[in-house]
Amino acid sequence: MFNQKRITGQTSETKEHLLLGAGVFAVGYEPGKDTLDSLKTSKKLIGATTGGGTFTATKNGHYLQIDGVPENTKGNYILDSWATTLQITLQETTVDSIKMGLAAAKLDTTTTTGYTTIIPKNGMEDEDYINSVSFIGRLSGSNDPVVITVFNAFNNANLSLNPKDGQESSIQVTLAGHYTPDDPETPPFKIYYPTLSEG
């Protein structure tokens, strides 16, 4: 019966399925092994963020062009690849966050006394890709986090610093995942969702 004063999709299990807060972001996160403490001690955390983050997984594909049937006929969509990004606004301005923003850069810690020099490069090298970067977020019904990991990532947005009076500057990065040449069939992201206990 739908002839009721209130109808809703909420059930008694809804409260167990809520993604809470902004979470944290880390490089090299190992699901099932790393904890928040281990991320801190191993310095895997990217640092403080502002405004949370945005994960996007975009399908790249096309419909078969077959005479006599509508283009959007079931079974006629060819999925070619996935494009995926993690967009994060970094609150901390550090050597690592600036280097991440540039993507193609190297560090010089010896030439200028008291400074680390961040030097842009004119080309991308394999070492400039981040092997894995993850969003780790709290799920209301679990002690284990929801984890979204993007592989072989680098910032494909521009580096922009905009300091202002009365505000803290931030660095926004859009970390785009990439397929590997040796395994072009495996999309460059995974989502780890914890198993919830019944009852």
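Residues numbered from 1 in each chain as written. Predicted model: local features only at pLDDT ≥ 70, side-chain atom pairs only at ≥ 80, totals over all residues. Heavy atoms only, no water.

Peer 1: Please explain the packing of aromatic side chains as it appears in this structure.
Peer 2: Given two aromatic rings, their pairing is described by the distance between the two centres and the angle made by the two planes. Within this structure, the stated rule accounts for five aromatic pairs. Judged by centre distance (5.6 Å) and plane angle (55°), the ring pair of F25 and F135 falls under tilted. Residue F25 is found in strand β1 (residues 19-27), and its partner F135 is found in strand β6 (residues 130-139); the two are separated by 110 residues along the sequence. Assigned by exposure class, F25 and F135 land together as buried. Summarising the aromatic geometry, the rings of W82 and F189 are spaced 5.6 Å apart at their centres and angled 75° between planes, so their arrangement reads as edge-to-face. Of this pair, W82 sits in strand β3 (residues 77-90) while F189 sits in strand β9 (residues 189-192), and the two are 107 residues apart along the sequence. Taken together, the aromatic side chains of F55, W82 and F189 make up a single cluster linked through ring pairs. (Phe/Tyr/Trp six-rings, centres within 6.5 Å; stacked < 30°, edge-to-face > 60°. Helix = DSSP H or I, 4+ residues; strand = E, 2+ residues; numbered from the N terminus. Buried < 20%, exposed > 50% of the residue type's maximum accessible area, 1.4 Å probe, protein only.)

Peer 1: Just checking my understanding: could you explain a nonpolar patch on the surface for this structure?
Peer 2: A surface patch of nonpolar side chains, about 280 Å² in accessible area, is lined by L64, I66, V69 and I78. In this structure, L64 sits in the loop between β2 (49-63) and β3. The exposure class of L64 is partly exposed, given its relative accessible area of 31%. (Patch = residues over 30% accessible without salt bridge, like charges linked within 9 Å, V, L, I, M, F, W, Y side chains within 5 Å. Areas by Shrake-Rupley, 256 points an atom, 1.4 Å probe, with all protein chains shown as cover. Salt bridge = Lys/Arg side-chain N within 4 Å of Asp/Glu carboxyl O.)

Peer 1: What is the right way to read unusual backbone geometry from this model?
Peer 2: Generally, phi is negative for residues other than glycine and the peptide bonds are trans, each holding for most cases. Non-glycine residue K43 carries a positive phi angle of around 60°. Residue position: K43 is located in the loop between α1 (36-41) and β2. At A103, a residue that is not glycine, the phi angle is positive and equals roughly 70°. Looking at where A103 falls in the secondary structure, it is placed in the loop between α2 (95-102) and β4 (105-108).

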